[in-house]
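Notes for the structure review
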Amino acid sequence: MDAMLKATGTAGMVAEETLDPVDWADVQALSHQIVDDAVDYLRDVRERPVWQEMPAEVREFFAAPLPQSAQPLAQIYGEVVENVMAYPMGNIHPRFWSWYMGSSNFTGALGDFLAAIQGSNLGGGNHAAALMDSQVVDWCKQMMGFPPLASGTLVSGGSMANIIGLTVARNVKAGIDVREHGVAAIDKPLRFYGSDQLHSCHRKAMEALGLGNRALRRIPTDAGLRIDIDALRSAIADDRQAGFRPACVIGTAGTVNTGAIDDLQALARLAAQEDLWFHVDGCIGALIAIAPKNSHRVAGIEHADSIALDPHKWLHAPFEVGCVLIRDASAHRNTFAVTPEYLESTPRGLASGQWLHDFGLQTSRGFRALKVWMALKQYGIEKFGRLIDQNIAQGHMLGTLIEAEPLLELIAPPNINIVCFRYRGDGLTGERQKALNTEIMLRLQEDGIAALSDTTVHGQHCLRVAINNHRTRRDDLDLLVRETVRLGQEISRPGTALPSPLVAEGGREAAG
Ligand SMILES: *Cc1c(COP(=O)(O)O)cnc(C)c1O
């Protein structure tokens, strides 16, 4: 101690450094500018292209090496505006309908900012952010009709929510102490079940859980792409016969391909009869439970043992935030809780709160709750419910527009807010038709008109529109239909060759 004081004696002491600014007033002025710009950015999003390809200089900007010395913040902000803000993914745009994601909201962004300013770690402890984290989980339980004593946790997204739910399912149904002995000690191999429309994150979950992809049986679906309950029942019986241990059935409330919702009531009954864990992947559709006109579609979800839902989808929270709910709170805690000597609780003080890291795989956790909490308070759950109803009505409206357009055809009737369709093309089939539709999709993106994705449904390639967007209006859907037809006609005009990479797939034939 003495030696240390001597070595740094006041006389020769160098001023300590910090990351705080020397001049707070400068930072304040710049921050006001950033907020003003952010408001303009969001207000005018409709006027900009959905997406645009980055020029080579912008790509090169991201190859710059590790900065060694200081640079003024104002200059850095200028670089961000020029190279980052100008080239977004586009999912906040009213005509972004690719894959499946939310369109964010300004209040949520303020929440993320304030959460970062407070900087709290949601690993747990006795502080306000920790109580709010638990409160948002409680609100999710209320939205799903789950009992107050159920458990849950906020995670990075739906994939992690599913992994947490399936981990609890594995541990409860293994018949041994998996935490202590591992999956190799399970006497009969576990079997999980889901439909052939299951999201890919379940495969990753099975692999990470040490059960392997083959332990997840994909059950065929009916004409509406919902799990075939009879086929599921016989798969379970066959597996028991063959010496497996059926453990869990995963119901999907809203598949990625078409938004199909499994018969959750029937799955709940079957799971109870067969003594299986009933998990619902509700990343797309669980929140339909709050939508007055459509909540009947997810009836039965309240009987699940666990539910994965995704506030960064239909609650439009900025990324990332997912939520898993587990009916049996002790099963949840018993799956993850570990108390090392450096994380023991105290009767009072900072360490007297609940350890939230006991409910998942992370130790340090971000303050995800604030962005969700602020938006839920500002708009109320009724507005979010109406927005979900609105997107579903828009999905059906788009289906009607497509049916009325002879050059387009629906590949699956819309269930909720996902529409699968294609440009017919005169006498086009197979690879040629796929190439044409892919080209339409790419031009819609490159011209900044709309962002769609594509998929294959009932063995047929199609364009896919997922309207999970609170900014989409009816006009946007009219425009989509018009532009798809225009591009389809333009690309398939006799003498117009399909672009070579696409033609290459089906040989060297020219279109028309
Ligand atoms: C989006 C989605 C997931 C994965 O959720 P992330 O938030 O992207 O991790 C899982 N299942 C379904 C049905 C989804 O739509």
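The shown structure was predicted, so the numbers you read here are calculated from the model rather than taken from an experiment.

Let's talk about the pattern of salt bridges
Counting across every chain of the model gives 25 salt bridges. Glu53 is the salt-bridge partner of Arg59, the closest N and O atoms lying 2.9 Å from each other. A relative accessible area of 47% places Arg59 in the partly exposed class. Overall, Glu53 belongs to the partly exposed group, its relative accessible area being 45%. Between Arg486 and Glu490 there is a salt bridge, with its nearest N and O atoms 3.1 Å apart. Residue Arg486 and its partner Glu490 are located together in helix α16 (residues 474-492), separated by four residues, close to a single helical turn. When its relative accessible area of 34% is taken as the criterion, Arg486 is described as partly exposed. Judged by relative accessible area, which is 28%, Glu490 ranks as partly exposed. Overlapping salt bridges bring together Glu439, Arg443, Glu483, Arg486 and Glu490 as one network.

As for the sheet that holds strand β7 (residues 322-326)
The seven strands are arranged β1-β7-β6-β5-β4-β2-β3 in an open sheet whose pairing can be described as mixed. Strands with a single pairing partner mark the edges of an open sheet, and in this sheet they are β1 (151-155) and β3 (216-219). Adjacent strand axes in the sheet meet at a mean angle of 20° when their direction is disregarded. Bridge analysis of β1 against β7 gives five bridges, and the strand direction is antiparallel. In the sheet register, Leu154 faces β7, and the bridge partner there is Cys323.

Looking at the site of the ligand
Taken together, 14 residues are adjacent to the ligand, and Ser159, Asp281, Asp310, His312 and Lys313 come closest. A distance of 2.6 Å separates an oxygen atom of the ligand from a polar side-chain atom of Asp310. Protein coverage of the free-state accessible area of the ligand, which is 380 Å², stands at 85%. Counting only elements with at least two residues in the shell around the ligand, the list comes to α7 (158-173) and α12 (311-314). Per-element accounting of the shell around the ligand gives the leading share, three residues, to α7.

Notes on the side chain of Thr153
Secondary-structure assignment places Thr153 in strand β1. On the basis of relative accessible area, Thr153 is assigned to the buried category, the value being 3%. Engagement of the side chain of Thr153 in a polar contact is seen with the side chain of Arg365, the distance being 3.5 Å. The residues contacting Thr153, other than those within four sequence positions of it, are Val137, Gly322, Cys323, Val324, His332, Phe359 and Arg365.

A look at the nonpolar core
Among the nonpolar cores identified, the biggest contains 70 residues, and Met144, Leu232, Phe278 and Leu309 are the most heavily contacted of them. Beyond its immediate chain neighbours, meaning those up to four positions away, Phe278 contacts Val249, Gly251, Leu264, Leu267, Ala268, Ala271, Gly300, His303, Ala304, Asp305 and Ser306. Ile163, Ile164, Leu190 and Ala247 belong to the second largest nonpolar core, which has 29 residues in total.

As for the sheet that holds strand β8 (residues 408-412)
With respect to topology, four strands assemble into an open sheet ordered β8-β9-β11-β10, the strand pairing being antiparallel. In this open sheet, the two strands that pair with only one neighbour each are β8 and β10 (453-457). Each strand axis lies, on average, 45° off the axis of its neighbour in the sheet, ignoring direction. Where β8 and strand β9 (residues 418-423) come together, four bridges link them in antiparallel fashion. Residue pairing in the sheet places Leu408 in a bridge with Tyr423 of β9. Contacting β8, β9 and β11 (460-466), helix α14 (residues 369-403) runs over the sheet at an angle of about 135° to β8. Of the strands in this sheet, β8, β9 and β11 are in contact with α16, which crosses β9 at around 25°.

Points about the packing of aromatic side chains
Under the criterion given, the structure shown has four aromatic pairs. Their ring planes at 85° and their centres at 5.1 Å tell us that Phe61 and Phe62 sit as a pair that is edge-to-face. Of the residues examined, Phe61 reaches a relative accessible area of 30% and is grouped as partly exposed. Ring plane angle 85° and centroid distance 5.9 Å describe the contact between Tyr379 and Phe384, whose orientation is recorded as edge-to-face. Over the face of the ring belonging to Tyr41 we find Arg48, whose NZ or CZ atom lies 4.0 Å from the ring centre. Over the ring of Phe244 we find Arg191, and its NZ or CZ is 3.7 Å from the ring centre.

Considerations on the packing of helix α5 (residues 106-118) against α14
For any two helices packed against each other, the geometry is given by the interaxial angle and the distance between the axes. Interhelical geometry of α5 versus α14 gives an angle of 140° and a closest axis separation of 7 Å. Between α5 and α14, the crossing angle belongs to the class labelled oblique. Between α5 and α14 lies a crossing whose hand is right-handed. Residues Thr107, Gly108, Leu110, Gly111, Asp112, Leu114 and Ala115 of α5 form the contact with α14, whose own contacting residues are Leu370, Lys371, Met374, Ala375, Gln378 and Tyr379. Residue composition of the contact of α5 with α14, by class: seven nonpolar, four polar and two charged.

A short note on unusual backbone geometry
Looking along the chain, the bond that leaves Phe319 and enters Glu320 is cis, with omega of 0°. Within the secondary structure, Glu320 sits in the loop between α12 and β7. Even without being glycine, Leu225 reaches a positive phi, approximately 65°. Position of Leu225 relative to the elements: it lies in the loop between β3 and α10 (229-241). For Leu225, a relative accessible area of 7% gives the class buried. A positive phi angle, close to 55°, is found at His316, a residue other than glycine.

Calculation notes
Residues numbered from 1 in each chain as written. Predicted model: local features only at pLDDT ≥ 70, side-chain atom pairs only at ≥ 80, totals over all residues. Heavy atoms only, no water. Salt bridge = Lys/Arg side-chain N within 4 Å of Asp/Glu carboxyl O. Buried < 20%, exposed > 50% of the residue type's maximum accessible area, 1.4 Å probe, protein only. Helix = DSSP H or I, 4+ residues; strand = E, 2+ residues; numbered from the N terminus. Pairing = 2+ DSSP bridges. Axes fitted to C-alpha atoms, helices over the stretch in contact; angles between N-to-C directions. Near = heavy atom within 4 Å. Polar contact = N/O pair within 3.5 Å; in protein donor to acceptor, adjacent residues only side chain to side chain. Areas by Shrake-Rupley, 256 points an atom, 1.4 Å probe, with all protein chains shown as cover. Contact = heavy atoms within 4.5 Å. Core = buried A, V, L, I, M, F, W, Y, C linked by side-chain atoms within 4.5 Å. Phe/Tyr/Trp six-rings, centres within 6.5 Å; stacked < 30°, edge-to-face > 60°. Lys NZ or Arg CZ within 6 Å of the ring centre and 35° of its normal. Parallel < 35°, antiparallel > 145°, perpendicular 65-115°, else oblique. Left-handed = near helix turned anticlockwise from the far one by under 90°. Nonpolar A, V, L, I, M, F, W, Y, C, P; charged D, E, K, R; others polar.

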